[in-house]
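Secondary and tertiary structure notes
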Amino acid sequence: MTQTIMLVEDEESLSTYLCSELKFEGYRVLLAEDGQAAWDDFQQKGAGIDLILLDWMLPKLDGLEVMRRIRKTSQVPIMMMTARDYVGDKVAGLDNGADDYLTKPFEIEELLARLRVLLRRHGNTVANYRVADLELDTKARQVHRGGQLAQLTQREYDLLLVLMQHVGTTMSRDELLDAVWGTEFDGQVNIVDVYIRYLRQKLGGPNLIHTVRGVGYALQAAND
Ligand code: CA
């Protein structure tokens, strides 16, 4: 299972270094170079992010403000990084929902060790979703239908996760496109229809992903 880390860091030399180290360790990395970009990305892709590595001093929105906004809706693990070594900053960071705190400069091995601790701790509490005999396990990133493992691609998994998080709710194609492909995707919106078809094929019957004509799709048990 690939875990996704959102790295929020405006200092290019550090972000380049951290990106390559994290990728080497097998993580998927989403880079945001200022606080506004981080907040925008989080709103679009938050469901797929396992941990946020958040710099404190950032252009546009500072790290503390980004964290406050995220904490209104999400308990995703957040590790703050700062060049400042003031006790007051650490207290403010932890008081506002940071799970851990690193002062720059730090040893990469220490960062990686602390990331593993946070991911492991959080991994024990993440949600599983179930609709009829369809089960999605966010820790293992696995999907079972009637007890059988469904072999989904990353994109298919992401799409199903969004639908399961909004069970019983009609999601428009645009909402699904933004949540799964991101707001910067500039292809055709009917890619959503294509992936819904893949999902239906892989999940088998009875169909749980219902077409809501002229609007989009809703996932729910057939007899709801
Ligand atoms: Ca900075």
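Residues numbered from 1 in each chain as written. Predicted model: local features only at pLDDT ≥ 70, side-chain atom pairs only at ≥ 80, totals over all residues. Heavy atoms only, no water.

**Focus on unusual backbone geometry**
Quick note on the threshold: In this text, helices come from DSSP runs of H or I with a minimum length of four residues, and strands from runs of E with a minimum of two, each type numbered from the N-terminal end.
A cis amide bond links lysine 104 with the next residue in sequence, proline 105, at an omega value of -5°. By secondary structure assignment, the location of proline 105 is in the loop between β5 (100-103) and α5 (108-123). Residue proline 206 follows glycine 205 across a cis peptide bond; omega there is -10°. Relative to the assigned elements, proline 206 resides in the loop between α8 (191-203) and β11 (209-212).

**Things to note about the coordination of the calcium ion**
The condition that has to hold: Atoms of type N, O and S within 2.8 Å of a metal are treated as its donors, and for Na, K and Ca the window is 3.2 Å; water is not considered, so some sites may appear to be missing partners.
Coordination sphere of the calcium ion, protein contribution only: Asp10 (OD), Asp55 (OD) and Met57 (O), at 2.1 to 2.3 Å. For the calcium ion, all donor residues lie on one chain, and their spacing in sequence is D-x44-D-x1-M.

**Details of the packing of helix α6 (residues 154-165) against α8**
Note the cut-off: Angles here are taken between N-to-C directions and fall from 0 to 180 degrees, while the axes themselves are lines fitted to C-alpha atoms, restricted in helices to the stretch in contact. Our angle categories are set so that under 35 degrees counts as roughly parallel, over 145 as roughly antiparallel, 65 to 115 as roughly perpendicular, and the remainder as oblique. What makes two residues a contact is simply this: any of their non-hydrogen atoms within 4.5 Å. When residues are grouped by polarity, Ala, Val, Leu, Ile, Met, Phe, Trp, Tyr, Cys and Pro land in nonpolar, Asp, Glu, Lys and Arg in charged, and all others, Gly among them, in polar.
Where α6 contacts α8, the two axes come as close as 10 Å, and the packing angle between them is 90°. Relative to α8, the element α6 lies roughly perpendicular. Facing α6, whose interface residues are Arg155, Glu156, Leu159, Leu160 and Leu163, α8 presents Tyr195, Ile196, Tyr198, Leu199, Lys202 and Leu203. For the contact of α6 with α8, a count of residues per class yields eight nonpolar, no polar and three charged.

**Regarding helix α1 (residues 12-24)**
What counts is decided by this rule: Helix span is expected to be 1.5 Å times the residue number reduced by one. For each residue, the accessible area found with a 1.4 Å probe, counting protein chains only, is set against the maximum for its type, and the residue is called buried under 20%, exposed over 50%, and partly exposed in between. Here the arc refers to the directions that run from the helix axis out to each C-beta atom.
The end-to-end C-alpha distance of α1, which contains 13 residues, comes to 18 Å, matching closely the 18 Å that a straight helix rising 1.5 Å per residue would cover. Inspection of α1 places Leu14, Ser15, Leu18, Cys19 and Leu22 among the buried residues, and these make up the whole buried set. Down the axis of α1, the buried set is contained in an arc of 130°. They therefore lie on one face. For α1, the exposed residues set more than 90 degrees away from the buried face come down to Glu12, Ser13, Lys23 and Phe24. With its phi angle positive at about 95°, glycine 26 sits one or two positions after the end of α1.

**Let's talk about the pattern of salt bridges**
As a reminder, the rule being used: Here, a salt bridge means any side-chain nitrogen of Lys or Arg that lies within 4 Å of a carboxyl oxygen of Asp or Glu.
On inspection of all chains with the given rule, the structure shows 13 salt bridges. Between aspartate 55 and lysine 104 there is a salt bridge, with the nearest N and O atoms lying 3.1 Å from each other. Of this pair, aspartate 55 sits in strand β3 (residues 51-55) while lysine 104 is found in the loop between β5 and α5, placing the two residues 49 residues apart along the sequence.

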